[in-house]
Amino acid sequence: MALHSTSRPGRGSLLPIDLCTRDGHSASHWGGVSTPHDEFFHKAFSTPDRARELARLALPPHIARRLNLQSLVIGRGSYVDARLRASYSDLLLETFTAGRQPLLLYILFEHKSSPDRRTLFQLLRYMVGIWDSWSSRVENKRWKKLPPIIPVIFSHASRRWTYPLGFAALVRQPKDVDLSPFTPRFSAVLLDLAARQDS
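The next thing to look at is the packing of aromatic side chains. On inspection of all chains with the given rule, the structure shows 6 aromatic pairs. Look at Tyr79 and Tyr106: their rings are 6.2 Å apart centre to centre, the planes differ by 85°, and that puts the pair in the edge-to-face class. With Tyr79 in the loop between β2 (67-74) and β3 (88-97) and Tyr106 in strand β4 (residues 102-110), the pair connects residues that are 27 residues apart, well separated along the chain. Taking 5.9 Å as the distance between ring centres and 90° as the angle between the ring planes, the aromatic pair formed by Trp161 and Tyr163 counts as edge-to-face. Residue Trp161 is classed as buried on the basis of its relative accessible area, which comes to 7%. Judged by relative accessible area, which is 31%, Tyr163 ranks as partly exposed. Feature note: the residues Phe45, Phe109 and Phe154 constitute an aromatic cluster, connected by ring pairs. The ring of Phe96 carries the charged tip of Arg100 above its face, separated from the ring centre by 4.3 Å.

See below:
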């Protein structure tokens, strides 16, 4: 089931101000090709406190309550292809559930003029890359199960997101045979700034 974030930032929250104010950019410390959008996004969420606030804003409350966000660590680097850096930025957050189980929160920041339904395809590719990087760490070499990833689409488009948030909707299924069991199935959480501004 796809999830829309309905949580509201608390009083004094820094997020709405930072995301609507574009009064300068700092040098990106994330390496690779950077854009003003990319630099702005990572400047806004480069500290654990800001990243925790973003996680609480993006996630449904019943999930956020079950996470130990005080243990949150900001990953370095980017999984976005260089050719797509003009349209996307990303942020990987590592944390634990209340039961000390590892969990990854991957936030894909879409800064296009209008939403792109293919964003779910990009998410799938980046999630596989994240698992590949995680499994190659020395401490995870003997892994038996991968940690869950919660994918978040952070849409900064001028129009509301209207596309399905489930990846399976991108795959055309034949009408004469059921091939749905062979289609990857995951849903993304949506944080839609256009919808928030309209409301």
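What follows is about the nonpolar core. Judged by nonpolar contacts, the single largest core of 25 residues is most densely connected at Leu93, Leu105, Ile107 and Phe154. Residue assignment for this core shows that the elements contributing at least two residues are α3 (48-58), β2, β3, β4, β5 (149-155) and β6 (189-192). Per-element tally for this core: the top contributor is α3, with 5 residues. Every residue in contact with Leu93, bar those within four places of it in the chain, is listed here: Ala51, Ala55, Leu72, Val73, Ile74, Leu103, Leu104, Leu105 and Ile107. Formed by 20 residues, the second largest nonpolar core is a distinct cluster that contains Leu92, Leu104, Trp161 and Phe167.

Calculation criteria
Residues numbered from 1 in each chain as written. Predicted model: local features only at pLDDT ≥ 70, side-chain atom pairs only at ≥ 80, totals over all residues. Heavy atoms only, no water. Phe/Tyr/Trp six-rings, centres within 6.5 Å; stacked < 30°, edge-to-face > 60°. Helix = DSSP H or I, 4+ residues; strand = E, 2+ residues; numbered from the N terminus. Buried < 20%, exposed > 50% of the residue type's maximum accessible area, 1.4 Å probe, protein only. Lys NZ or Arg CZ within 6 Å of the ring centre and 35° of its normal. Core = buried A, V, L, I, M, F, W, Y, C linked by side-chain atoms within 4.5 Å. Contact = heavy atoms within 4.5 Å.

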